[in-house]
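A structural walkthrough
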Amino acid sequence: MFNKGNMGLLFIVFLIFVGFGDGFLPKPLSTVSLQTRTAINNTVIGLFPKWNPKTNPYKRTEKALENSENGRNKK
């Protein structure tokens, strides 16, 4: 029943349903398509933690700006 060809076709139909279903399907199915896409997006985003760099790449620039501003104010 589920051979390689049928699984490929089922996968393509699922991708179309999730990706574009809310644009052309009637109301109850378009809502399900949108909710499915939102759930998948939130799941994928939740897999990756927020990246916080261990170093401050702008520290030297910010310090130089502060020094130049303080130097101008002293004049």
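Here the structure is shown first, and the text comes after it.
This section reports on the structure supplied with the text. Model, not experiment: these values are computed from the prediction. (Residues numbered from 1 in each chain as written. Predicted model: local features only at pLDDT ≥ 70, side-chain atom pairs only at ≥ 80, totals over all residues. Heavy atoms only, no water.)

**Section: the overall build of the protein**
Tallying secondary structure elements over the protein gives three helices and zero strands in all. Taken from N to C terminus, the helices and strands of the protein fall in the order α-α-α. A compact globule built from 75 residues should have a C-alpha radius of gyration of about 11 Å, whereas the protein, at 26 Å, is more than 25% larger. Here the C-alpha coordinates of the protein stretch approximately 80 × 30 × 15 Å along the principal axes. The 75 residues of the protein split such that 5% are buried. Total accessible area computed for the protein in this model is approximately 7200 Å², and 64% of it derives from carbon and sulfur atoms. One finds the centroid of the 11 positive side-chain charges in the protein at a distance of 7 Å from the centroid of its 4 negative side-chain charges. (Helix = DSSP H or I, 4+ residues; strand = E, 2+ residues; numbered from the N terminus. Rg over C-alpha atoms; globule rule 2.2 N^0.38 Å. Buried < 20%, exposed > 50% of the residue type's maximum accessible area, 1.4 Å probe, protein only. Areas by Shrake-Rupley, 256 points an atom, 1.4 Å probe, with all protein chains shown as cover. Lys, Arg positive; Asp, Glu negative; His and termini not counted. Charge placed at Lys NZ, Arg CZ, Asp CG, Glu CD.)

**Concerning a nonpolar patch on the surface**
The grouping of Phe11, Ile12, Phe14, Leu15, Ile16, Phe20, Phe24, Ile40, Val44, Leu47 and Phe48 at the surface amounts to a nonpolar patch, some 1200 Å² of accessible area in total. Looking at the nonpolar patch, the elements that each hand over two or more residues are α1 (4–24) and α2 (27–47). In this fold, Ile16 is placed in helix α1. (Patch = residues over 30% accessible without salt bridge, like charges linked within 9 Å, V, L, I, M, F, W, Y side chains within 5 Å. Salt bridge = Lys/Arg side-chain N within 4 Å of Asp/Glu carboxyl O.)

**Brief notes about α1**
Between its first and last C-alpha atoms α1 spans 28 Å; for 21 residues at 1.5 Å apiece the expected length is 30 Å, and the two agree. At Val18, α1 is deflected by roughly 50 degrees, the largest bend along its length. (Expected span 1.5 Å × (residues − 1). Bend = angle between axes of the 7 residues up to and from the residue.)

**Thoughts on the pattern of salt bridges**
Applying the stated criterion to the full structure yields one salt bridge. Of the charged contacts, one joins Asp22 and Arg37 as a salt bridge, the two residues approaching to 2.9 Å between their closest N and O atoms. Here Arg37 lies in helix α2 and Asp22 lies in helix α1, a separation of 15 residues in the sequence.

**Here's the deal with the environment of Gly21**
Assignment of secondary structure puts Gly21 in helix α1. When the C-alpha positions of Gly21 and Val44 are compared, they lie 20 Å apart, and in sequence the two are 23 residues distant. Not counting residues within four places of it along the chain, the set of residues in contact with Gly21 comprises Ile16, Ser30 and Ser33. (Contact = heavy atoms within 4.5 Å.)

**A short note on the side chain of Ser33**
Assignment of secondary structure puts Ser33 in helix α2. Since its relative accessible area comes to 0%, Ser33 is described here as buried. Non-local contacts of Ser33, meaning those with residues more than four positions away in its chain, are made with Phe17, Val18, Gly21 and Asp22.

**So, the side chain of Ser30**
Within the fold, Ser30 resides in helix α2. Assessed through its relative accessible area of 9%, Ser30 is described here as buried.

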